[in-house]
There are 2 protein chains.
Amino acid sequence: MNDAPTRQRIVEAADQLFYRQGFEHTSFAHIAEVVQISRGNFYYHFKTKDQLLNAVIHARIANTQIMLDQWEVEGEGPTERIRSFIKILLMNQANIQHYGCPVGTLCSELAKLNHGSTEQANTLFTLFRTWLHRQFTLIGRHDDADELAMHLLARSQGVATLANAFHDPKFIQTEVNHMLDWLQTYSQSSTPS
Amino acid sequence: MNDAPTRQRIVEAADQLFYRQGFEHTSFAHIAEVVQISRGNFYYHFKTKDQLLNAVIHARIANTQIMLDQWEVEGEGPTERIRSFIKILLMNQANIQHYGCPVGTLCSELAKLNHGSTEQANTLFTLFRTWLHRQFTLIGRHDDADELAMHLLARSQGVATLANAFHDPKFIQTEVNHMLDWLQTYSQSSTPS
DNA sequence: GTCTATACTGAGATAGAC
DNA sequence: GTCTATCTCAGTATAGAC
């Protein structure tokens, strides 16, 4: 099924289970079952559950960076790139309806647990924030690039949360359209005053 | 400290702890400690943790309904009432930065736990949704009242999630202002085509 | 209605053989 | 690097005295 080194397979399985069931609710036993190893073997690779969480967060950070770099290369311009961001709501529609946003739900859970890795998880948000910031700056919104970045981030977060509660694909589509329209009003002013 | 019947004190303490620490992370021992009763006594009032959760959700539904009714009475018109909704982000600013939105975080957690009370918790969202729906209808937006309600709900959810991650009061204020501006564009068209 | 005592379970974590 | 066996502890839940 998967020939990757055990450590990596553990991280991948944990990543999925943390997303689908939450960090706290996911037990070593469950992960071990998915990876098809014994619980004992587990501790050869990760001494504690928190260590595993850190590995998962770092993997997510790396994967997110790769995705953002990809958008940077593929997108013809900043507006087109921001569109890529907005459209992940559609790309991951099914998962979002089932489990919410992987970033938002993890950060919320860790914040409640008062967990030491809360800030590490929040850097996932920061990754998107600074990337969007750069795109809006390129559009010419030097003064409010961060504000626009946060605004868009907040809107997609909200859509994910409600989509998770109401399971309504039409709602996601409608909100994505609104966000694309909203973006369009800024891209037209690409040569600012 | 609190002379209310024990059952009610348990529900109130659980409500707070579920909000601050999450449902799963909160133990009977912790609640019992807050309420100053023994763990054994606990089971006289609630046979299971799920029963307690249901009591908490119903208490929240009742309290939310009271708040919405209050806004209905106090607000001079639908626009003013919707402003009350938007401004809870400022009213509860401190709590939201610490613990996120009480509705959103509970629904997200229960969805991940695949918990039987997920739908019950989601009715909290529905309460706001239908209330906002009515206000937008009164403004004259008969055709897209629900869409506008969901849109506003989503935006406040997103703001709560990011405020929880970044702890930035200025961000909340900025977004609230944007929402109030957005609302204003609709209230002016109160006599629709 | 409230208490103490206790049973039962599952989870994180360790030791040591292979 | 992987396994089995085991420890410890916290959490839910029950029984029964007061």
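For the structure, check the block above.
Sequence order as written defines the numbering, with residues in each chain counted from 1. A letter from A marks each chain and a number from 1 marks each ligand, given out in the order of writing. With the structure being a predicted model, the display of local features is reserved for residues of pLDDT at least 70 and the display and counting of side-chain atom pairs for 80 or more, all residues being used for whole-chain, interface and lining totals. Side-chain measures here rest on the full set of heavy atoms in the structure, leaving out hydrogens and waters.

Chemist: Any chance you could explain unusual backbone geometry here in plain terms?
Modeler: Generally, phi is negative for residues other than glycine and the peptide bonds are trans, each holding for most cases. Phi at His167(A) is positive, roughly 50 degrees, even though this residue is not glycine. For helices the rule is a DSSP run of H or I covering at least 4 residues; for strands it is a run of E covering at least 2, with both sets numbered from the N terminus onward. Within the element layout of this structure, His167(A) appears in the loop between helix 9 (145-166) and helix 10 (169-187).

Chemist: So what exactly am I meant to see when it comes to the environment of Phe166(A) here?
Modeler: Topologically, Phe166(A) is positioned in helix 9. Working rule for contacts: check all heavy atoms of both residues, and any pair within 4.5 Å makes them a contact. Look past the residues within four positions of Phe166(A) in its chain and what remains in contact with it is Phe125(B), Thr126(B), Arg129(B) and Met150(B).

Chemist: Whenever I open this one, the interface of chain A and chain B confuses me. Can you help?
Modeler: Quoted interface sizes are often the accessible area lost when the parts come together. Facing the 38 residues of chain A at the interface are 38 residues of chain B. For this analysis, a polar contact is any N or O atom pair within 3.5 Å, provided that within protein one partner can donate a hydrogen and the other can accept it, and provided that sequence-adjacent residues contribute only side-chain to side-chain pairs. The interface formed by chain A and chain B holds 14 residue pairs in polar contact (both at pLDDT 80 or more) in total. Going through the elements one at a time, helix 1 (6-21), helix 7 (102-113), helix 8 (118-139), helix 9 and helix 10 of chain A are the ones with two or more residues in the side of chain A that touches chain B. With 14 residues, helix 9 of chain A is the single largest residue contributor to the side of chain A that touches chain B. Within the side of chain A that touches chain B, the residues separate by chemical class into 14 nonpolar, 16 polar and eight charged. Three classes are used: nonpolar for Ala, Val, Leu, Ile, Met, Phe, Trp, Tyr, Cys and Pro, charged for Asp, Glu, Lys and Arg, and polar for all others, with Gly counted as polar.

Chemist: What am I meant to see in the relation of the copies chain A and chain B here?
Modeler: Superposition of the two copies of the chain requires a rotation about an axis and a shift along the axis. Here chain A sits on chain B after a turn of 180 degrees about the axis and a move of 0.0 Å along it, with an RMSD of 0.0 Å. Considering both components of the superposition, the chain copies are consistent with a two-fold axis. For chain A, the minimum C-alpha distance to the rotation axis belongs to Gly158(A) and amounts to 1.9 Å. Interface overlap between copies: 100% of the residues of chain A at the interface are likewise at the interface in chain B, consistent with a symmetric, same-surface contact. For this overlay, a least-squares fit was computed on C-alpha atoms, restricted to residues scoring pLDDT of at least 70 in both copies.

Chemist: How do you make sense of the environment of Pro78(B) when you look at a structure like this?
Modeler: Residue and element names in this part refer to chain B. Examined against the element boundaries, Pro78 turns out to sit in helix 5 (residues 78-91). Sequence separation between Pro78 and Gln135 is 57 residues, and the spatial gap between their C-alpha atoms is 4.9 Å. Not counting chain neighbours up to four residues away, the residues in contact with Pro78 comprise Gln135, Leu138 and Ile139.

Chemist: Explanation requested: the protein's contact with DNA strand C in the structure shown.
Modeler: Among the 13 residues in the neighbourhood of DNA strand C, the closest are listed as Phe28(A), Tyr43(A), Thr6(B), Ser38(B) and Tyr44(B). To be near a molecule or strand, a residue needs just one of its heavy atoms within 4 Å of it. Protein-proximal atoms of DNA strand C, defined as those within 4 Å of the protein, fall in sugar or phosphate at a share of 70%. A distance of 2.9 Å is found between a phosphate oxygen of DNA strand C and a backbone nitrogen or oxygen belonging to Phe28(A). With respect to DNA strand C, the side chain of Thr6(B) contributes an N or O atom lying 2.9 Å from a phosphate oxygen.

Chemist: Sorry if this is basic, but what is going on with the protein's contact with DNA strand D here?
Modeler: Surveying the vicinity of DNA strand D reveals 14 residues, the closest of which are Thr6(A), Ser38(A), Tyr44(A), Phe28(B) and Tyr43(B). Restricting the count to atoms of DNA strand D within 4 Å of the protein gives a sugar and phosphate share of 68%. The contact in question runs from a phosphate oxygen of DNA strand D to an N or O atom on the backbone of Ser38(A), over 2.8 Å. Residue His45(A) places a side-chain N or O atom 2.9 Å away from a phosphate oxygen belonging to DNA strand D. Taken together, the elements giving at least two residues each to the surface near DNA strand D come down to helix 3 (39-45) of chain A together with helix 3 (39-45) of chain B. With four residues, helix 3 of chain A is the largest single contributor of residues to the surface near DNA strand D. Of the residues assigned to the surface near DNA strand D, the class counts are four nonpolar, eight polar and two charged.

Chemist: I would appreciate a short explanation of the pattern of salt bridges in the present structure.
Modeler: Close approach of charged atoms lets side chains of opposite charge pair. All names here are of chain A. The term salt bridge refers to a side-chain nitrogen of Lys or Arg lying within 4 Å of a carboxyl oxygen of Asp or Glu. One pass over the full model with this rule turns up 12 salt bridges over all chains. A salt bridge links Arg60 to Asp15; its shortest N-O distance comes to 2.8 Å. With a gap of 45 residues between them, Arg60 in helix 4 (residues 49-74) and Asp15 in helix 1 connect regions that are remote in the sequence. Classification of Asp15 as buried rests on a relative accessible area of 17%. Among the charged side chains, a network of salt bridges with common partners joins Glu72, Arg81 and Arg134. Remark: exposure states derive from per-residue accessible area (1.4 Å probe, protein chains only) relative to the maximum for the residue type, with buried under 20%, exposed over 50%, and partly exposed in between.

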